[in-house]
Amino acid sequence: LNAGQSCRIGVVFTPGAVGARSATLTLLDNTLNGEDNVTLAGIGVLPSPTFTITAPANGATFTSGTAVTFSVKVSSASGPQPTGKVQFKVDGANYGTAVTVSSTGTASTSVTGLTTTTHTLSATYSGDTNYAAAGPVSVSITIKAAATLKFTSPTSGQTVPAASLPVSVTVTSKTSPVPIGNVTFSVDGAQVGAPVKLVSGAASMTTGSLTAGSHTILAVYSGDKYHRATKASETVNAQ
């Protein structure tokens, strides 16, 4: 370069391994030593993979006593398929041993024994020689007990007068506490009145005047903090 001139020299850092790396950039010139040396240093790090939960969906509700499939996927837009292991957790505590990532980048476990409340499912990826560790990723799910809704009157297939008809149901569960909430009634698809509040697990209403013929009565339980929603229907013949 002529006196007073300058130029820019660019360096691309492509580490061959993880950790502190160093190099020397040597510039040949007409100085006393015939060269100038520039010391280069950097830290090599692994790229992060894409780490996502594929099941269950966040906010999902499950019936107590059923197994919940907890699945994740580890992938990368470029480079080899990530390997390594995934540690699943329930409410912050390890659930079983770490699961090896499959050749398709997936890992899963079956979660059982969850109590009737809201739980946090999370997972962390160990990383491998090509990718950094990732996570945690998490979802929240709710476990509720099953509820059973039954008609106490009338009985299905019963012949009733073509007039207003009293209808009663009960909502029970094999677990405590007793179900609370509302039951909504409908006749032939049309809602009858406002939702009825359960009292000691029972609810009732009176239909409008029924015309002669077959009618379908539907009762829908809303569910509560501890119990899942459910419904039941039956058919009566008015004459």
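Structure's up top.
### With respect to the nonpolar core
Within soluble globular proteins, side chains that are nonpolar tend to cluster in buried spots.
Working step 1: Core analysis: the largest hydrophobic core is formed by 23 residues, its most contacted members being Val169, Val183 and Phe185.
Working step 2: Counting residues in each nonpolar core, the second largest holds 21 residues, with Val86, Val90, Tyr131 and Ala134 among its members.

### Here's the deal with the sheet that holds strand β18 (residues 202-206)
Working step 1: Strand order across the open sheet formed by three strands is β12-β14-β18, with antiparallel pairing between neighbours. Each of the sheet's edge strands pairs with one partner strand only, and the pair in question is β12 (148-153) and β18. Averaged over all pairs of adjacent strands, the angle between their axes in this sheet comes to 25°, without regard to strand direction.
Working step 2: Here β12 pairs with strand β14 (residues 166-172) via five bridges, running antiparallel. Following the sheet pairing, Ser153 is matched in β14 by Ser168.

### Topic: the sheet that holds strand β9 (residues 106-111)
Working step 1: What the three strands build is an open sheet, ordered β3-β5-β9; its pairing is antiparallel. Both edges of this open sheet fall to β3 (50-55) and β9, since each of them pairs with a single strand only. Averaged over all pairs of adjacent strands, the angle between strand axes in this sheet comes to 20°, irrespective of strand direction.
Working step 2: The pairing of strand β5 (residues 68-75) with β9 spans six bridges and is classified as antiparallel. By the bridge assignment, Val72 is partnered in β9 with Ala107.

### Here's the deal with the layout of surface pockets
Working step 1: Volume-wise, the largest pocket comes out at about 150 Å³.
Working step 2: Taken together, Val11, Val12, Phe13, Thr14, Pro15, Arg21, Ser22, Ala23, Leu40, Ala41 and Gly42 form the lining of the largest pocket.
Working step 3: Of all the elements in the fold, those that place two or more residues in the lining of the largest pocket are β1 (19-28) and β2 (35-44).
Working step 4: Broken down by class, the residue content of the lining of the largest pocket amounts to seven nonpolar, three polar and one charged.

### Things to note about unusual backbone geometry
Glycine aside, residues mostly have negative phi, and peptide bonds are mostly found in the trans state.
Working step 1: Cis rather than trans, the peptide bond between Gly135 and Pro136 has omega equal to 5°.
Working step 2: With respect to the helices and strands, the residue Pro136 is situated in strand β11 (residues 134-144).
Working step 3: Between Ser176 and Pro177 the backbone carries a cis peptide bond, its omega angle lying at 0°.
Working step 4: With a phi angle near 55°, Asp188 is a residue other than glycine that sits in the positive phi range.
Working step 5: Take Asp188: its relative accessible area is 47%, and that puts it in the partly exposed class.

### Some thoughts on the packing of aromatic side chains
Working step 1: Per the stated rule, a full pass over the model turns up two aromatic pairs.
Working step 2: Taking 6.1 Å as the distance between ring centres and 45° as the angle between the ring planes, the aromatic pair formed by Phe51 and Tyr125 counts as tilted. With a gap of 74 residues between them, Phe51 in strand β3 and Tyr125 in strand β10 (residues 118-125) connect regions that are remote in the sequence.
Working step 3: The exposure class assigned to Phe51 is buried, which follows from its relative accessible area of 10%.
Working step 4: Among the residues examined, Tyr125 registers a relative accessible area of 2% and is labelled buried.

Procedures and definitions
- Residues numbered from 1 in each chain as written.
- Predicted model: local features only at pLDDT ≥ 70, side-chain atom pairs only at ≥ 80, totals over all residues.
- Heavy atoms only, no water.
- Core = buried A, V, L, I, M, F, W, Y, C linked by side-chain atoms within 4.5 Å.
- Buried < 20%, exposed > 50% of the residue type's maximum accessible area, 1.4 Å probe, protein only.
- Pairing = 2+ DSSP bridges.
- Helix = DSSP H or I, 4+ residues; strand = E, 2+ residues; numbered from the N terminus.
- Axes fitted to C-alpha atoms, helices over the stretch in contact; angles between N-to-C directions.
- 1 Å grid on protein atoms, 1.4 Å probe; cavity = no way out; pocket = protein on both sides within 12 Å on 5 of 7 lines; lining within 4 Å.
- Points joined across faces, edges and corners; volume = space filled by probe spheres on them.
- Nonpolar A, V, L, I, M, F, W, Y, C, P; charged D, E, K, R; others polar.
- Phe/Tyr/Trp six-rings, centres within 6.5 Å; stacked < 30°, edge-to-face > 60°.

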